[in-house]
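As a plain string of letters, each chain reads:
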Amino acid sequence: MQVQSADPNGPVFSIEVVTPDAAIGLLQSKRPTARENPAAIGNYAEAMRAGRWILNGMPLILSQSGLLLDGLQRLRACARADVPFTTVVARNIPDDVLHTIDQQRRRSFAGVLEARGMQHAGALQSALVKLIRYQDRQMTRATGSPSWSRLDRVLAANPDLVAAVKISLESEATALSEAVRTPLIFMGFRVDKAVTRRFLDAVAHPDRYDPLEPGARVRDLIELTRGDPATRLKPTTLFAICIKAMNAALSDTPQRSYAWLDRSVNPTRGEEFPELSGYPGLTDPVETGATDETQAKLREAVANLEREAHVFPLTVESITPALAEEYLAHNAHNRRIIAAHVDSIARDIRSGHWMMNAQPICFSRSGRLLNGQHRLSAVLQAGQPIEVPVMRGLPEEAYATYDIHAKRGPHLGMALESFGDRPLVAAAAVLLWKRELKPAGARNAKPTPSEVTRIVEQHPRLLELRTFGRKMVEFGRGSVLAYAAYCIEREDAELGRLFLERFETGAELPRGHLILELRRRLQILRRERASQEEQLREILAAWARFRQKPDLPATQENLSA
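Residues numbered from 1 in each chain as written. Predicted model: local features only at pLDDT ≥ 70, side-chain atom pairs only at ≥ 80, totals over all residues. Heavy atoms only, no water.

Tell me about the overall build of the chain, and name the residues and values.
Looking only at helices and strands, one finds 25 helices and 9 strands in the chain. For the chain, with 561 residues in total, the buried portion stands at 50%. About 26,800 Å² of surface is accessible on the chain, with carbon and sulfur atoms providing 50% of the total. (Helix = DSSP H or I, 4+ residues; strand = E, 2+ residues; numbered from the N terminus. Buried < 20%, exposed > 50% of the residue type's maximum accessible area, 1.4 Å probe, protein only. Areas by Shrake-Rupley, 256 points an atom, 1.4 Å probe, with all protein chains shown as cover.)

So, in structure tokens, the structure goes:
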């Protein structure tokens, strides 16, 4: 059996019997940083030899380039047991977006586009988000970013957006911000290229046109409101005004002024967000094909297949909050839901960092939900749909197998996986998140792996300071020392480096100096197994005192300076 997503370039799923020889072949393509788990391999091998292996829906995952992203332990167990096993296999998973399993990825979508070699990735992402919100009539509503899978799908189906971004960045109409200019060009070119070019030229050179020319009137409005932050046009308002002015240009009915007031701000005098006349909208393959009738036929077909023995229907579905609630109604006698885990997945969904991977939501033949309750609960909490594989008809015994997989830490991307201190850097990033980025009222104690990855990418000096943390482990945890050093350098780079040098060596300091006292106190805390917070508090308190009075003894180097 083989199933492919609606995107022809998307994931392909199949149920296969993997032989020991095939397992050995697949192991040749494992990730360089993947680690074997002897206990998991032993358990799997024993189950395979005894004929107790159960198809539980969790797939072997192969990327578009053939890299083995998940399944190392099962394949190694198959080779060791010298027994074939039946499993789901997922192929054609994007290399550049799936860098860990369990619903986590690296980077932003713009980072993914950059990895593919696409120019102007940030502008492309910004335009995609705005155009999708316009399409969904969500321009004035505070919604999260569209999912990566939808951004990727829409970009592939609308290649003229790449050209629109290039034209926008070369345009002289810089009075319009790029965030307004690019979607306006894309939409306008799909209606009338000549009118759109004239509109932009009038914005750039209003003196060349009649005072009532729509583009010239928009430029006048921009100049009139630019000086005062209280009256300066916000991007959403400017976009709406430009659409109204473009409509006037398209119909050749210029007006003296153009204005727009958000109805959500002023229900009495406000308006809905305007529509550009003649604009056909984005091409979104799944959106246009996923009708209620199609969904009903799909469900009927799946229900018929479920009645057949040894058939395990697998579909790729858009899980809406309503559908998540329906599926959770079948969540009988499942494990306790971890609120912190739901929170972290919901944050990823709302921020647009969710990306469909190959791990399915699983139902037994009786209809019981076996696996996926946290993702479904997160959809309800986020209030936004996600795309997920769904597999049905599995044996009830599969329920007991979902917690025996080896847990993985955050994958930091291939460029960051080779330095050898990944756990230290990840722990330092967790500290930064807890102290600086943790949302108010968040119940979870740790960030998601995708948040850890973004912290490492956005704070490269934290990565560099891992060597300091590693060298100073006699005084505490390496992650605490690396993050503390990062905080110190941020506050005062020059004085901070001097403090850290003296802290590292303890040289040329008089007896009783606060840095020597800090070294002594940290060694005591380490022996007492003090918490990370206690160690960090001790270091930062000493640094604060040192900043007030950096009373280091004079050295020959200082005197010569």
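Residues and numbers for the pairing of strand β3 (residues 60-63), please.
Burial along β3 is two-sided: L60 and L62 and I61 and S63, pointing in opposite directions, are all buried. Bridge count for β3 against strand β5 (residues 85-93) is 3 bridges, and the pairing is parallel. Within the sheet, the bridge partner assigned to S63 lies in β5 and is I93. Pairing analysis gives 2 bridges linking β3 to strand β4 (residues 68-70), with the strands arranged antiparallel. Residue pairing in the sheet places L62 in a bridge with L68 of β4. What sits between the antiparallel neighbours β3 and β4 is a turn of 4 residues, in which G66 has the positive phi angle 90°. (Pairing = 2+ DSSP bridges.)

An account of empty space enclosed by the protein is needed here, citing residue identities and associated values.
If you walk through the whole model with that rule in mind, you get 1 cavity of 30 Å³ or more. What lines the largest cavity is a set of 11 residues, among which W53, N56, M58, R74 and T87 lie closest to the centre. Per-element accounting of the lining of the largest cavity gives the leading share, 3 residues, to β5. The residue inventory of the lining of the largest cavity, partitioned by class, reads 5 nonpolar, 5 polar and 1 charged. (1 Å grid on protein atoms, 1.4 Å probe; cavity = no way out; pocket = protein on both sides within 12 Å on 5 of 7 lines; lining within 4 Å. Points joined across faces, edges and corners; volume = space filled by probe spheres on them. Nonpolar A, V, L, I, M, F, W, Y, C, P; charged D, E, K, R; others polar.)

Quick one: what's the story with the nonpolar core, residue by residue and with numbers?
Burial of nonpolar side chains together is a common tendency in soluble globular proteins. Ranked by size, the top nonpolar core spans 48 residues in total, and within it Y134, L161, L176, M187, V218 and F239 carry the most contacts. Where this core is concerned, the elements lending two or more residues are α4 (109-115), α5 (121-135), α6 (148-157), α7 (160-170), α8 (178-191), α9 (193-204), α10 (214-226) and α11 (235-251). If sequence neighbours within four positions are ignored, M187 has contacts with L131, Y134, F239, I243, L276 and Y279. Counting 42 residues, the second largest nonpolar core, distinct from the first, contains A429, L462, L465 and L525. (Core = buried A, V, L, I, M, F, W, Y, C linked by side-chain atoms within 4.5 Å. Contact = heavy atoms within 4.5 Å.)

Describe the pairing of strand β9 (residues 386-394), naming the residues involved and giving the relevant values.
Most of β9 sits inside the fold, with 9 of its 9 residues counted as buried. Here strand β6 (residues 314-319) pairs with β9 via 6 bridges, running antiparallel. Considered in β9, the bridge of S318 is made with E387. Pairing of strand β7 (residues 361-364) with β9, which is carried by 3 bridges, proceeds in the parallel orientation.

A description of the sheet that holds β6 should follow, citing residues and the corresponding values.
Read across the open sheet, the 4 strands follow the order β6-β9-β7-β8; overall the sheet is mixed. Each end of this open sheet is capped by a strand with a single partner; those strands are β6 and β8 (369-371). This sheet shows a mean twist of 35° between the axes of neighbouring strands, independent of strand direction. (Axes fitted to C-alpha atoms, helices over the stretch in contact; angles between N-to-C directions.)

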